[in-house]
Amino acid sequence: HVQLVESGGGLVQPGGSLRLSCAASGFTHTTCAMNWFRQVPGKEREGVAAIYVAGSTPYYVDSVKGRFTITQENTKNAVYLQMNNLKSEDTAMYYCAADWKWPTVCQTSAQALEASGYDRWGQGTQVTVS
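The structure presented is a predicted model; accordingly, all values stated were derived computationally and were not measured. (Residues numbered from 1 in each chain as written. Predicted model: local features only at pLDDT ≥ 70, side-chain atom pairs only at ≥ 80, totals over all residues. Heavy atoms only, no water.)

### Describing the packing of aromatic side chains
Working definition: an aromatic ring pair is given by the centre-to-centre distance plus the angle between the planes. Enumeration according to the criterion identifies six aromatic pairs in this entry. Relative to W102, the ring of W100 has its centre 5.2 Å away and its plane inclined at 70 degrees; by these criteria the two rings are edge-to-face. Taking 6.0 Å as the distance between ring centres and 65 degrees as the angle between the ring planes, the aromatic pair formed by Y118 and W121 counts as edge-to-face. Taken together, F37, Y95, Y118 and W121 form an aromatic cluster joined through their ring pairs. When the ring centre of Y95 is taken as origin, the NZ or CZ atom of R45, which lies over that ring, is 3.8 Å away. The ring of W121 carries the charged tip of R45 above its face, separated from the ring centre by 4.4 Å. (Phe/Tyr/Trp six-rings, centres within 6.5 Å; stacked < 30°, edge-to-face > 60°. Lys NZ or Arg CZ within 6 Å of the ring centre and 35° of its normal.)

Structure representation (structure tokens):
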């Protein structure tokens, strides 16, 4: 049972910054990537950023490129999302995921940002920009 705990959200003004953290535990296999998603009420969960554990190769949804940076600390099983120049459209509940449904095959970058590929989520951390 993979457990994920997100933290670091809050209320900020447009242009402000936040750093989200996700602590993961309970892996039964080596995960290929760790990922950040966000969701607003009435909308589908959207992939924001992904990072491959081996090599730290990052991927981002177009709307956050140049503003968000995903990093990891493998020894801590942690993934972070530095969010700069925040906009009102970034307001959402942010979740991390790290346990793809098909663990025997590493997901592609597109698959890493597809919410349907994951079953386990943390409680989320709210980011509000206003």
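Anyway, onward from the coordinates.
### Focus: the pairing of strand β4 (residues 33-39)
Most of β4 is tucked away, with six of its seven residues classed as buried. Adjacent in sequence and paired antiparallel, β4 and strand β5 (residues 46-52) are bridged by six residues, among which G42 carries a positive phi angle near 85 degrees. Here β4 pairs with strand β9 (residues 92-97) via five bridges, running antiparallel. Counterpart to W36 in the pairing with β9 is C96. (Buried < 20%, exposed > 50% of the residue type's maximum accessible area, 1.4 Å probe, protein only. Helix = DSSP H or I, 4+ residues; strand = E, 2+ residues; numbered from the N terminus. Pairing = 2+ DSSP bridges.)

### Observations concerning the state of the cysteines
A complete count under the given rule lists two disulfides for this structure. The disulfide partner of C22 is C96, and the S-S distance across this bridge is 1.9 Å. Because the sign of the S-S torsion sets the handedness, a value of about 55 degrees for the bond joining C22 and C96 places this disulfide among the right-handed ones. Of this pair, C22 sits in strand β3 (residues 18-25) while C96 sits in strand β9, and the two are 74 residues apart along the sequence. When sorted by exposure, C22 lands in the same class as C96, which is buried. The disulfide partner of C32 is C106, and the gap between their sulfur atoms is 1.8 Å. In this structure the cystine formed by C32 and C106 twists about its S-S bond by roughly -65 degrees; its chirality is therefore left-handed. Of this pair, C32 sits in the loop between β3 and β4 while C106 sits in the loop between β9 and α1 (109-112), and the two are 74 residues apart along the sequence. (Disulfide = S-S within 2.5 Å.)

Spatial relationships are all this shows, so hold off on functional conclusions.
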